[in-house]
Amino acid sequence: MKIDGIGEGSVVRRDSAGHFTCVNDEVAIEAALELRLGGEALAITMRTPGHDEELVAGFLLAEEIVRTREELRELRRISDDVVDISLAHALKPGQLRRYGTISSSCGLCGKVDLESIRTRFGALAPAGGISLKRLLALPKKLQAGQGNFARTGGLHAAGIFGLTDDAVEGVREDIGRHNAVDKVVGRAFLDGRTPLSQHALMVSGRASLEIVQKALAAGIPIVASVSAPSSLAINFARAAGQMLVGFLRPPTFNIYAHAERLLLPDEKS
């Protein structure tokens, strides 16, 4: 298994002229990662190997197992596919549950009480807006960090970007959309930079409920995607105070929630 999460193999390719050739091709790896808490099994998630500690940290934040960096004592690598978690506090009764296997496409598998997901983090404050210029620049910034997608065509990406400057806080790729978000949020969490109240999250695929929920856990007020949002994502963002942008393909886009967070040119350049 390669550290960058990309494997290589032979494929039979038919070209535009109808000819068949055997060529080497790169593919994104999907493999299991076991999460343990104090040596006991917590979850198994399917992911693209690489940035595993960030993935675990983002997962813990989204599940409200930790809220601050100080609560996460250590992430210890047991093997290539096992990470053990050490917390600085004891969990509250009923806080810990076994998650089973989480696929690369089911970030909210097993969750049925959507209202509790929203209310446990609280709605975001009105502060935090993005200029039209910076919003339109997000897709290119995200694309610039998608090196492995360019090689395989099989990875999603998530990026965090500043609202008041042109800084790229981070871009991560994974075969799962919610994993990519966990990785980029997890990096910020490990660096002690959450909540990200002055940042936007940009994702390469559709904006589902799990994406906006993870953004809310990180305190991110603006979520944008190159594709469509789901109805649950829209309703969740509206209640949580998040601006939700879909089909962001400059110069066009749709705003589905909290359009007041968009700062037009006469408000901010």
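As the structure is a prediction and not an experimental result, all values here were calculated from the model.

(A) Inspection of the sheet that holds strand β11 (residues 199-203) at higher detail. Overall, mixed pairing links the 6 strands, which are arranged β10-β9-β11-β12-β13-β14 in an open sheet. On the outer flanks of this sheet lie β10 (168-174) and β14 (252-257), each paired with one strand and no other. Taking the axes of each pair of neighbouring strands and ignoring which way they run, one obtains an average angle of 20° across the sheet. Pairing analysis gives 3 bridges linking strand β12 (residues 222-225) to strand β13 (residues 243-249), with the strands arranged parallel. Along β13, the bridge assignment pairs I222 with M243.

(B) Local environment of the pairing of strand β2 (residues 20-28). Pairing geometry for strand β1 (residues 6-14) and β2, over 9 bridges, is antiparallel. By the bridge assignment for β2, R13 is matched with T21. Linking β1 to β2, which pair antiparallel, is a turn of 5 residues; within it G18 sits at a positive phi near 90°.

(C) Layout of helix α1 (residues 52-62). Burial analysis of α1 places 10 of its 11 residues in the buried class, the great majority of the element. Buried within α1 are the following residues: D52, E54, L55, V56, A57, G58, F59, L60, L61 and A62. One or two steps after α1, the chain reaches E64, where phi turns positive at roughly 60°.

(D) Quick peek at helix α5 (residues 177-190). With 14 residues, α5 should reach 20 Å at 1.5 Å per residue; the first-to-last C-alpha distance of 20 Å fits that figure. With respect to burial, α5 is a largely interior element, 13 of its 14 residues being buried. Within two residues after α5, G192 carries a phi angle of roughly 70°, on the positive side.

Calculation criteria
Residues numbered from 1 in each chain as written. Predicted model: local features only at pLDDT ≥ 70, side-chain atom pairs only at ≥ 80, totals over all residues. Heavy atoms only, no water. Pairing = 2+ DSSP bridges. Helix = DSSP H or I, 4+ residues; strand = E, 2+ residues; numbered from the N terminus. Axes fitted to C-alpha atoms, helices over the stretch in contact; angles between N-to-C directions. Buried < 20%, exposed > 50% of the residue type's maximum accessible area, 1.4 Å probe, protein only. Expected span 1.5 Å × (residues − 1).

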